[in-house]
Amino acid sequence: MRSLSVVVAALFATLLVFSVAPAAFANDMNAVLVPQNGKAETHYVAVKNITIRYPSGSAISKELNGKEDRVQFTLNGTSSSTDNGVANAINAFNNALLAAKSPAVITQMRISYTGVIKGFEDNAQLSYKIEAVPTMEKFVISSDAGNQSSSANQTSASGGSQIVDLEWRRITVSDPIVLNAPNVGQIEITKPINLIDKTHKDLAKEIFNSPAAGIFTKSIMSFDRFKQSMSSWHFLFDPSGSLVESSSFYKDQTGAKVVSIYSLGESSFREGTFEPEEETATANIGGAQVQVKSQVPPPSGQIQISGFSSISQSGGEDFAVVSAEAPAGAQQATGNFPIQVLLVLGGMMGAIAVFILFKARK
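Within helix α5 (residues 201-208) the residues assigned to the buried category are Leu203, Ala204 and Ile207. Take α5 and look down its axis: the buried residues cluster within an arc of 105°, on one side only. Residues Asp202 and Phe208 are exposed on α5 and point more than 90 degrees away from its buried face. Turning to α5, the residues buried within the fold contact α2 (59-64), α4 (193-199), α6 (213-217) and β13 (277-285).

Written as structure tokens, this is what we have:
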């Protein structure tokens, strides 16, 4: 009963933190892979925040004080789309996959961009969030322990295993991505400078020619921190598929229930500690001394694979060996919890919901 109480208390604490605290921003990478039909849906979310500090009354203060500029849009397309530029994004991602030595190929994508500039008397806050949701194929390297897959849609033989590439997780998109969005027009989204160029063109030129240019011209779409060996990611085997019930892609693509789940980002002894990536610079802009600081939040990732998988390496590259059946004694994410535990957790969720509503009304 002591261990049960500890589990319940830990779950309650976790639920309370995630329910009450504001959502933490992070560079996210989440994916659902279905090797049985060679389809995957991946979510790459890149976040970057930049603070510019300047003297009150300076030229840049007069330019930005009281301003709030927002550029926001969502586009969908395929590799053959020509109207909105999504084909440019797909091509840039595919080049990044090649650079990461991944055989995976992206065929279609939804991409969302949000860029905000908030100006105050002595500082400006710039925030960027780019979410790319590509459909990925050809990540299955081989099926049945050596028979090379010739098609991304090839299904492995019953009872066989598949080798699945995992290097796609650590891409950095360095090619320019020029999109054409309604009410926005053309904008290149990978570099922070382009939001300023869209809203304050003369200021963008000054920043570009200053010592702070490096902060504003580095790609936002970098997921290099997910290169950490998959052997250090946390692994859970879910024999019922209950942990991915919310994934519409998983439901649509396979009827399988067995799921392997890998997660990264909680900062443990196993993973190490993840800190934000920060960079600073000083520049003279508009005749005033300006301090610039950028921050990229720590990484947070999850990979869900249909089937039971184990991690292997070859030449420093990670891949998963996936089979339909799990070996005896496989670690599970779900267990036979007593009905009392489920009732307690249900009560906790209700109490937390009431608490949130109470806080929201204050």
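Time to look at the environment of Arg110. Mapped onto the fold, Arg110 is located in strand β4 (residues 105-119). Linking Arg110 and Gly77, residues 33 residues apart in sequence, is a C-alpha distance of 6.6 Å.

Counted according to the given criterion, the structure contains eight aromatic pairs. Ring plane angle 45° and centroid distance 5.0 Å describe the contact between Phe235 and Tyr262, whose orientation is recorded as tilted. Taken together, the positions of Phe235 in strand β11 (residues 234-238) and Tyr262 in strand β12 (residues 259-264) put the pair 27 residues apart, joining distant regions of the chain. Where Phe235 meets Phe308, the ring centres are 6.0 Å apart and the plane angle is 85°; that geometry is what we call edge-to-face. In this pair, Phe235 sits in strand β11 while Phe308 sits in strand β16 (residues 308-314), placing the two residues 73 residues apart along the sequence. Accessibility classification places Phe235 together with Phe308 in one group, the buried group. One aromatic cluster in this structure is built from Tyr44, Phe93, Phe223, Phe226 and Trp233.

Turning our attention to the pairing of strand β1 (residues 27-34). In terms of burial, β1 is a largely internal element, six of the eight residues being buried. Across seven bridges, β1 lies against strand β15 (residues 299-306) in parallel orientation. Within β15, the residue paired with Asn30 across the bridge is Gln302. Relative to strand β2 (residues 39-53), β1 runs antiparallel, the two being bridged by seven bridges. Considered in β2, the bridge of Asp28 is made with Val45. Counting the residues in the hairpin turn of β1 and β2 gives four residues, including Gly38, whose phi is positive at 65°.

Once that is clear, we can look at the nonpolar core. If you look at the biggest cluster of nonpolar residues, it comprises 77 residues, and the most contacted ones within it are Phe73, Phe93, Ile111, Trp168 and Phe216. Top element by residues in this core is helix α3 (residues 86-99). It accounts for seven residues. Contact partners of Ile111, with chain neighbours within four places excluded, come to Phe73, Thr74, Leu75, Val86, Ala89, Ile130, Glu131, Ala132, Leu179 and Ile189.

Looking at where Thr190 falls in the secondary structure, it is placed in the loop between β10 (185-188) and α4. A polar atom in the side chain of Thr190 sits 2.5 Å from the side chain of Glu188. The contacts of Thr190, once residues within four sequence positions are left out, are Asp175, Pro176, Ile177, Lys218, Ser219, Ile220 and Met221.

This paragraph deals with the confidence of the model for the chain. For the chain, per-residue confidence averages 81 on the pLDDT scale, and residues scoring 70 or more make up 72% of the total. Low confidence marks residues 2-25, where pLDDT is under 50. Its contacts with residues over four positions away, or in another chain, come to 17 contacts. Scored below 50 in pLDDT, residues 333-345 makes 13 contacts in the model with residues more than four places away or belonging to other chains.

Scanning the model with the defined rule gives nine salt bridges in all. Residues joined by salt bridges that share partners form a network here, namely Glu167, Arg169, Arg170 and Asp318.

Rules behind the numbers
Residues numbered from 1 in each chain as written. Predicted model: local features only at pLDDT ≥ 70, side-chain atom pairs only at ≥ 80, totals over all residues. Heavy atoms only, no water. Buried < 20%, exposed > 50% of the residue type's maximum accessible area, 1.4 Å probe, protein only. Helix = DSSP H or I, 4+ residues; strand = E, 2+ residues; numbered from the N terminus. Arc of directions from axis to C-beta. Contact = heavy atoms within 4.5 Å. Phe/Tyr/Trp six-rings, centres within 6.5 Å; stacked < 30°, edge-to-face > 60°. Pairing = 2+ DSSP bridges. Core = buried A, V, L, I, M, F, W, Y, C linked by side-chain atoms within 4.5 Å. Polar contact = N/O pair within 3.5 Å; in protein donor to acceptor, adjacent residues only side chain to side chain. pLDDT = per-residue confidence, 0-100. Salt bridge = Lys/Arg side-chain N within 4 Å of Asp/Glu carboxyl O.

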